[in-house]
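This is what each chain is made of:
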Amino acid sequence: MIPAIALLLTLTASGQDSTGSGTVPGDWELDCSMLFMAKAGGMWSDSRPSMDSTLMDAAFSVHALSREVDILAVAAAKNSPSSDLYLRRAGAEVKWPGTPWIGGGVHYSDRIPFLPGLRSPVVEWGWLEPDSISGFSVSGGGILGFSSEYLLQEVSDDTLQQFTVSSPWMGFTGADYRRMEFSPGDSSAFHMAVNVLEVRTDFRYVRPRLVLTGGDGGSGRWGLSCEILDLCLLDTGWGRVEVVPGARFAGDSVRMVTQAYSPGQRVLFLGSYLRSRRHMVSAGLEGMIDLESDSLSGISARAGMVDREGVTWDIMLDIFVDGDHRGCVKAGIADSFAAAGMMLEVLDDSSRVTGSAAYSPRRDVCAEVFVSGDLDDSLQPSCRAVVSSALGPVRGLVSVDWAYDCSPVFGLELRGLLK
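These figures come from a predicted structure and were not determined experimentally.

Caption draft 1: Geometry of the pairing of strand β19 (residues 325-334). Across eight bridges, strand β18 (residues 312-320) lies against β19 in antiparallel orientation. Within the sheet, the bridge partner assigned to isoleucine 315 lies in β19 and is valine 329. With antiparallel pairing between neighbouring strands as the criterion, β18 and β19 make up a hairpin whose turn holds four residues, including glycine 323 at a positive phi of roughly 105°. Here β19 runs beside strand β20 (residues 338-347); their pairing, made up of nine bridges, is antiparallel. Counterpart to glycine 327 in the pairing with β20 is valine 346. Linking two consecutive strands that pair antiparallel, namely β19 and β20, is a turn of three residues.

Caption draft 2: Spotlight on the side chain of asparagine 195. Mapped onto the elements of the fold, asparagine 195 is located in strand β10 (residues 192-201). For asparagine 195, a relative accessible area of 17% puts it in the buried group. Of note is the side chain of asparagine 195, whose polar atom sits 2.9 Å from the side chain of arginine 179. Discounting residues that sit within four places of it in the chain, asparagine 195 has contacts with Tyr177, Arg178, Arg179, Leu212, Thr213, Gly214 and Asp216.

Caption draft 3: Geometry of the pattern of salt bridges. What the rule picks out here adds up to 21 salt bridges. The partner of arginine 88 in a salt bridge is aspartate 57, with the nearest N and O atoms 2.8 Å apart. In this pair, arginine 88 sits in strand β4 (residues 86-95) while aspartate 57 sits in strand β2 (residues 48-65), placing the two residues 31 residues apart along the sequence. A relative accessible area of 27% places arginine 88 in the partly exposed class. The salt bridge involving arginine 200 is made with aspartate 176; its shortest N-O contact spans 2.9 Å.

About the criteria used
- Residues numbered from 1 in each chain as written.
- Predicted model: local features only at pLDDT ≥ 70, side-chain atom pairs only at ≥ 80, totals over all residues.
- Heavy atoms only, no water.
- Pairing = 2+ DSSP bridges.
- Helix = DSSP H or I, 4+ residues; strand = E, 2+ residues; numbered from the N terminus.
- Buried < 20%, exposed > 50% of the residue type's maximum accessible area, 1.4 Å probe, protein only.
- Polar contact = N/O pair within 3.5 Å; in protein donor to acceptor, adjacent residues only side chain to side chain.
- Contact = heavy atoms within 4.5 Å.
- Salt bridge = Lys/Arg side-chain N within 4 Å of Asp/Glu carboxyl O.

Shape descriptors only; they carry no functional weight alone.
This is the structure we're talking about:
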């Protein structure tokens, strides 16, 4: 595996520049690159290392761009049984000459579905695997500043449709509407349709935000998130204190691929945050009230600072009414060549302390060590050592992990981006 990588790097580094003026027209931009990664791992047993896993992945990307055309193709190869070169991702978009709003495109293993929300996305990345998605899109706009896009994709035997309309910023407000509909090939499977309306406003002194989510097929399939930003409680020469009230509500029959809402959710929250002007200090305190149960009722506090000696401090504390609690205190100091830190974590009835140290004898080499132990009756120590180095665009890493009552695990990694 390593000789193959070395040969690949040599060929790429010695190749001709494909973006020369003799091969690319003046109104086009051509970018060629190779992203590669190689990993090996195993366990230390019988006083010797034993490698049990290897992985090599190389992706070759060609991107051609002009004012009206955008073309991308990514070919890849892995150390799979076939080891063949295959098309991992491709796309081509065309715009109507002279109008940046009207156009269309085709996509292969691209355009992963995603719906943003407020604090938490309505549909998160990774819901569908990108290698199973292909389709086409059309876009339009320009009328009074509006823009829109329709995307139709196939996911194996299923169909995915996405539609987006964005309004222009009208001085005090703007809105985006997004719809995602997933239609399975099997009529008995779960059919999902999500509508999201996001409204952003700016009234100079406050900035309310609203995200309204609704699903087809029932009155209880809805969600509501809102908050008010820039509401100043105190403004002095040393800093500014702002409060952020908000709420998250959901219907009893909400069914979405999301963690933003849960059925019957009724949560109110109020946060207070410090923005310091004279000192390197930040702090925040937030309280939540769950109107349906006590699972989310509680307080959350965060604080961080850098003192005059250069020591950084970070504090986190979460306390819930149902008895769950967690906390963390971190302190660290660093200069141009070395760093050291200590962290104390508390999670309900367990606590753990971790110490860390890092040293860089030169700019392209760094070594890190982490040692932690349980503060309860059983120490259960664990350690991690990492040495990393950089040679131009290539990065190398060697790691060793050891946990209590387990054999040490080592890993080797090599990756880089060549253009």
